[in-house]
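Single-letter residue listing:
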Amino acid sequence: MKNLTLYVITVLVWGSTWIAIKYQLGSVDPLVSVIYRFGLASVLLFSFCKIQGLSLRFSRKEHFFMATLGVFLFSINYWLVYLAEVHLTSGLVAVIFSSIVFFNIANGAIFLGTPLEKKMIIGAFAGIIGIIFIFMPEIKSFHLGDRGVLGVVLGFSSVLLASFGNIISARNTRNHIPVIQANAIGMGYGTLVLALVALLLGKEFSFSYSVPYVGSLVFLSVFGSIIAFGCYLTLIGSIGADKASYAIMVVPVVALIISSVVEGYAWNFSGGVGLVLVVVGNFWALKKKPGVAT
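Residues numbered from 1 in each chain as written. Predicted model: local features only at pLDDT ≥ 70, side-chain atom pairs only at ≥ 80, totals over all residues. Heavy atoms only, no water.

1. Focus on helix α4 (residues 76-87)
Basically, it comes down to this: Elements are defined by DSSP. Helices are runs of H or I of four residues or more, strands are runs of E of two residues or more, and each kind is numbered from the N terminus. For a helix, the expected span equals 1.5 Å multiplied by the number of residues minus one. Throughout this description, buried means an accessible area under 20% of the type-specific maximum (1.4 Å probe, protein chains only), exposed means over 50%, and partly exposed covers the range between.
Over its twelve residues, α4 runs 17 Å from end to end, which matches the ideal 16 Å to within 8%, given 1.5 Å per residue. Considered for burial, the residues of α4 that qualify are I76, N77, Y78, W79, L80, V81, Y82 and A84.

Dropping the structure here:
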């Protein structure tokens, strides 16, 4: 039940962040908005650790791995996602990002010695085919021009970095680094790296005091970053990066369900088939073997 709860919270929160991100786009540079998001999340997590009396004393080696986690999972990969969406539709980026399941299966086997399970691979294929069905109209309209190729490269680069971040998180959990402190410090390092990139690129650190921007920033920092990442990385430590990443496939589905209510997104037959495949793929990949205790 604990793993199921973590899984559901991750999916529901990240599924709703797509709407919130829309309110972040506009007068403030996307890179700067990502800095604000993870910077605020890091400050809030550090404050929580201080209030709860959680230890923040770690060795240099542990700081290195938490910094690496921050660079791969809380900074550069998010920036690449934004850049990919400049050249591709959000649906195509969602399809590309769903491939993190295969990246995590492969990287888990290479770096952590996680055994490959046939049912997981079958479930991953079913889920990704489902995502493709859901976003079929956007895929059909895709043209492999220079901008399209760049978008695809940026998209898969972000997935690769995020997958490494997932594996590093699993490694940190195995070495008894608490998720809350690792996220607080990792997000702090990630924010510093992005801030340095922004300064080198000459980005303007502007800010919008509008209710939609501030509200979405708080939502993305507290729910999208602190709560969702806390649940997701705890799930990685519990069931492994390969299985936990199946949540990523359900996120676009939840986003579209919310969009159908808020923005009037119209479902079609292809989308319905895709939804069934995503659900079946997740169930097949995550189900327990007979006789295995939950």
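Let us keep going from here.
2. Some points on the pattern of salt bridges
Using the following cut-off: By salt bridge we mean one thing: a side-chain nitrogen of Lys or Arg within 4 Å of a carboxyl oxygen of Asp or Glu.
Summed over all chains, the structure comprises three salt bridges. Between K119 and E117 there is a salt bridge, with its nearest N and O atoms 3.6 Å apart. Residue classification places K119 among the buried positions, given a relative accessible area of 14%. Linking K243 and E117 is a salt bridge whose minimum nitrogen-to-oxygen distance equals 3.9 Å. With K243 in helix α12 (residues 241-244) and E117 in the loop between α6 (100-112) and α7 (118-134), this residue pair connects regions lying 126 residues apart in the sequence. The burial state of K243 is the same as that of E117; both residues are buried. Three or more residues are tied together by salt bridges with common partners; here these are E117, K119 and K243.

3. Overview of empty space enclosed by the protein
As a reminder of what qualifies: Only protein atoms enter the 1 Å grid used here. Points where a 1.4 Å probe fits but cannot escape make up a cavity, open sets with protein on both sides within 12 Å along at least five of seven lines make up a pocket, and a residue lines them when an atom lies within 4 Å of a point. Grid points are joined across faces, edges and corners, and a volume is the space filled by probe spheres set on the points. Just so you know the grouping, Ala, Val, Leu, Ile, Met, Phe, Trp, Tyr, Cys and Pro go in nonpolar, Asp, Glu, Lys and Arg go in charged, and all remaining residues, Gly too, go in polar.
With the rule as written, the count across this model stands at two cavities of 30 Å³ or more. Together, L69, S169, N172, T173, I177, P178, V179, A182, N183 and L233 line the largest cavity. Elements represented by at least two residues in the lining of the largest cavity include exactly α9 (146-174) and α10 (179-200). Across the lining of the largest cavity, the residue classes break down as six nonpolar, four polar and no charged. Roughly 30 Å³ of volume is contained in the second largest cavity. What lines the second largest cavity is Q24, S33, V34, R37, Y82 and L220. Per-element tally for the lining of the second largest cavity: the top contributor is helix α2 (residues 30-52), with three residues.

4. So, helix α1 (residues 2-22)
Here α1 is 21 residues long and its end C-alpha atoms lie 31 Å apart, about the 30 Å a rise of 1.5 Å per residue gives. If you check which residues of α1 are buried, you get L6, Y7, T10, V11, V13, W14, G15, S16, T17, I19 and A20.

5. Focus: the packing of aromatic side chains
As a reminder, the rule being used: Two rings from Phe, Tyr or Trp (for Trp, the six-membered ring) form a pair when their centres sit within 6.5 Å of each other. Planes less than 30 degrees apart are called stacked, planes more than 60 degrees apart edge-to-face, and all others tilted. Whether a charge sits over a ring depends on NZ of Lys or CZ of Arg being within 6 Å of the ring centre and within 35 degrees of the ring normal.
Following the criterion strictly, the structure yields 15 aromatic pairs and no others. Centroid distance F72 to F164: 5.9 Å. Interplanar angle 40°. Geometry classified as tilted. Remark: F164 occurs in helix α9 and F72 occurs in helix α3 (residues 60-73); sequence separation between them is 92 residues. Relative accessible area serves as the criterion here: at 24%, F164 is assigned to the partly exposed category. An aromatic cluster of three or more residues is present, and its members are W14, F38, F74, Y78, F229 and Y232. Here the basic side chain of R171 rests over the ring of F65, its NZ or CZ set 3.6 Å away from the ring centre.

6. A look at unusual backbone geometry
The backbone of H176 sits at a positive phi, close to 65°, despite the residue not being glycine. Its location among the elements puts H176 in the loop between α9 and α10.

7. A few points about the state of the cysteines
So the rule is basically this: Cysteine sulfur atoms are paired as a disulfide whenever they come within 2.5 Å of each other.
Tallied over the full model, the rule gives zero disulfides. The thiol of C49 is not disulfide-bonded; the next cysteine sulfur, from C231, is found 15 Å away.

8. As for the packing of α7 against helix α13 (residues 246-262)
Quick reminder of the rule: Between N-to-C directions, angles span 0 to 180 degrees; the directions come from axes that are lines fitted to C-alpha atoms, helices contributing only their stretch in contact. Any angle that is under 35 degrees is reported as roughly parallel, and any over 145 degrees as roughly antiparallel; angles of 65 to 115 degrees are reported as roughly perpendicular and all others as oblique. Definitions for this section: a left-handed crossing has its near helix turned counterclockwise from the far helix by less than a right angle. A right-handed crossing has that turn clockwise. By definition, residues are in contact when any of their heavy atoms lie within 4.5 Å.
Running from N to C, α7 and α13 point in directions that differ by 25°, and their axes come no closer than 10 Å. The angle between α7 and α13 places the two elements in the roughly parallel class. Pair α7 / α13 crosses with left-handed handedness. Counted together, M120, I121, G123, A124, G127, I128, I131 and I134 of α7 and Y246, M249, P252, V253 and L256 of α13 form the full contact between these two elements. In terms of residue class, the contact of α7 with α13 is built from eleven nonpolar, two polar and no charged.

9. Notes on the nonpolar core
What counts is decided by this rule: The definition of a nonpolar core used throughout is a set of buried Ala, Val, Leu, Ile, Met, Phe, Trp, Tyr and Cys residues joined through side-chain atoms within 4.5 Å.
One finds W14, F74, F229, L233 and Y246 to be the most contacted residues of the largest nonpolar core, which totals 78 residues. In contact with F74, not counting residues within four places along its chain, are F38, L69, N183, G186, M187, F229 and L233. The next biggest cluster of nonpolar side chains, apart from the first, holds five residues, and it includes V28, V32, Y36 and Y213.

10. Concerning the side chain of S216
Locating S216 in the fold gives a position in helix α11 (residues 211-239). On the basis of relative accessible area, S216 is assigned to the buried category, the value being 6%. The residues touching S216, leaving out its near neighbours within four places in the chain, are A20, Y23 and Q24.

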